[in-house]
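Structural overview
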Amino acid sequence: MTIAFITHHDCLYHEIDEEHPEASARLDAINDQIIASGIDIALEYVEPPLATNEQLTRVHDKNYIESIFRQAPETGRVDLDSDTSMNPHSLNAALRSAGAVIEAVDSIQSGKMSRAFCCVRPPGHHAEKSNAMGFCIFNNVAVGAAHALESYGMQRVAIVDFDVHHGNGTEDIFQEESRILFCSSFQHPFYPFTDLENHAENIIKIPLDAGSKGAEFRQNMEQFCLPQLEKFKPELIFISAGFDAHREDDMSHVSLVEEDYIWITSKLAEVANKYAQGKIISVLEGGYSLSALGRSVVAHIKAML
Ligand SMILES: [Zn+2]
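Residues numbered from 1 in each chain as written. Predicted model: local features only at pLDDT ≥ 70, side-chain atom pairs only at ≥ 80, totals over all residues. Heavy atoms only, no water.

For the rest of this paragraph, the subject is the overall build of the chain. From N to C terminus, the chain includes nine helices and 10 strands. For a compact globule of 305 residues, the expected C-alpha radius of gyration is about 19 Å, and the chain comes in at 17 Å, within 12% of that figure. Expressed as lengths along the three principal axes of its C-alpha atoms, the size of the chain is roughly 50 × 45 × 40 Å. Put simply, the chain has 305 residues, and 62% of those count as buried. If you sum the accessible surface of the chain, you get close to 11700 Å²; carbon and sulfur atoms cover 47% of it. (Helix = DSSP H or I, 4+ residues; strand = E, 2+ residues; numbered from the N terminus. Rg over C-alpha atoms; globule rule 2.2 N^0.38 Å. Buried < 20%, exposed > 50% of the residue type's maximum accessible area, 1.4 Å probe, protein only. Areas by Shrake-Rupley, 256 points an atom, 1.4 Å probe, with all protein chains shown as cover.)

See below:
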């Protein structure tokens, strides 16, 4: 099997500040580990286009998109929230990141391959309809999922988010969209301090206590996520693939290891094989321990292979 590996050098030039964990070194660490592991021979490297205004408008408020374009600085830095900012390269990086998921959907629907990994930054799952937050500007996975609905007429698209932070942006965008099933596991209580009381039927929240390890993660996914996917029978599965729940990542207090990412990826691949002709599009979200991030992405991609 070949996997589309969708990335663009524009994603390397967006920087928040020198000390910020969401840095271009993350993509370098992933690329180094991919080459060291030898799995690059199974990847088809694809450069994404910039997402268009029309594609962004499916999930973001028009005024919000305009404000991002308007604020994009020619020099220096503009803060969008306390931990999200734009430098002169950020707008292009954000448009490439969303464009990568569009490209993934188009590649998969053309029948060229059934799986893709979008190796992009800034990440997206905290970006709401009208708000940048948590290092995220546009909600990349949501832009891709909306493309699958609107351009290909899909009726059942699942998004599974195993980043250690809740995908509040994805929930905000899709909470009234019955064609989307959104399952997110996350440390709780923890940033972004999501309200567990939203009981929209298509939104599945899987809170994990601080200190949870692989056993708790797997048990929760088996109980609350996988049966919902079986019931939903998705035509396509997106993964918001954040690796900041890793034991070595000091961003959180959940302790997963590579084997846990292999486990969940394999489970999702089983569902995809059963209902979705194997189609999976995985999109990088968080993951800040560089070594653990590189190893976890390789483990995840191997499990998709
Ligand atoms: Zn995260």
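Around the zinc ion, the donor atoms from the protein are Asp-163 (OD), Asp-163 (OD), His-165 (ND1) and Asp-244 (OD), and they sit 1.9 to 2.8 Å away. For the zinc ion, the four donor atoms are set out with angles of 51 to 151° between them, so the coordination reads as irregular. Sequence spacing among the residues donating to the zinc ion works out to D-x1-H-x78-D. Of the two residues, Asp-163 sits in the loop between strand S6 (157–161) and helix H6 (168–174) while Asp-244 sits in the loop between strand S9 (236–241) and helix H8 (258–275), which places them 81 residues apart along the sequence. Classification of Asp-244 as buried rests on a relative accessible area of 0%. (Donors = N, O, S within 2.8 Å, 3.2 Å for Na, K, Ca; no water. Tetrahedral: all angles 85-135°; square planar, octahedral: opposite > 155°, others 65-115°.)

With that settled, the discussion passes to helix H4 (residues 90–109). Given 3.6 residues per turn, any residue in an α-helix points the same way as the ones three and four places further on. Between its first and last C-alpha, H4 extends 29 Å over 20 residues, near the 28 Å set by a 1.5 Å rise per residue. Buried residues dominate H4, accounting for 17 of its 20 residues. (Expected span 1.5 Å × (residues − 1).)

Okay, the side chain of His-166 next. Within the element layout of this structure, His-166 appears in the loop between S6 and H6. Among the polar contacts made by the side chain of His-166, one reaches the side chain of Thr-194 at a distance of 2.7 Å. Beyond its immediate sequence surroundings of up to four residues, His-166 is in contact with His-125, His-126, Glu-171, Phe-182, Ser-184, Phe-186, Tyr-191, Pro-192, Thr-194 and Lys-205. (Polar contact = N/O pair within 3.5 Å; in protein donor to acceptor, adjacent residues only side chain to side chain. Contact = heavy atoms within 4.5 Å.)

Another point: the sheet that holds strand S1 (residues 3–6). The strand order across the open sheet formed by eight strands is S2-S1-S5-S10-S9-S6-S7-S8, and the pairing between neighbours is parallel. Single-partner strands in this sheet number two, and they are strand S2 (43–46) and strand S8 (203–208). Between one strand axis and the next, the sheet turns through 15° on average, direction left out of account. Of the strand pairs in this sheet, S6 and S9 are connected by five bridges, and their pairing is parallel. (Pairing = 2+ DSSP bridges. Axes fitted to C-alpha atoms, helices over the stretch in contact; angles between N-to-C directions.)

Between its first and last C-alpha atoms helix H1 (residues 25–37) spans 18 Å; for 13 residues at 1.5 Å apiece the expected length is 18 Å, and the two agree. Within the sequence span of H1, burial applies to Arg-26, Leu-27, Ala-29, Ile-30 and Ile-34. Down the axis of H1, the sector holding all buried residues measures 160°, keeping them to one side. Exposed residues on H1 whose side chains face more than 90 degrees from its buried face are Asp-32, Ile-35 and Ala-36. The inward-facing, buried residues of H1 abut S1, S2, strand S10 (280–284) and helix H9 (290–304). (Arc of directions from axis to C-beta.)

All right, on to the pattern of salt bridges then. For the coordinates displayed, the defined rule picks out 14 salt bridges. We note a salt bridge from Arg-121 to Glu-22, for which the minimum N-O separation is 2.7 Å. With Arg-121 in the loop between strand S5 (115–118) and helix H5 (140–152) and Glu-22 in the loop between S1 and H1, this pair connects stretches of sequence that are 99 residues apart. Residue class for Glu-22 comes out buried when judged on its relative accessible area of 0%. Each member of the salt-bridge network shares a partner with another, and the members are Glu-15, Glu-22, Arg-26 and Arg-121. (Salt bridge = Lys/Arg side-chain N within 4 Å of Asp/Glu carboxyl O.)

On to the nonpolar core, then. Core analysis: the largest hydrophobic core is formed by 96 residues, its most contacted members being Ile-30, Cys-118, Phe-138, Leu-229, Phe-238, Ile-281 and Ile-301. Considering each element in turn, this core owes the most residues, 10 residues, to H4. Those residues within four positions of Phe-238 in sequence are excluded, and the remaining contacts are Val-101, Val-105, Val-141, Gly-144, Ala-145, Val-157, Ala-158, Ile-159, Val-160 and Ile-281. (Core = buried A, V, L, I, M, F, W, Y, C linked by side-chain atoms within 4.5 Å.)

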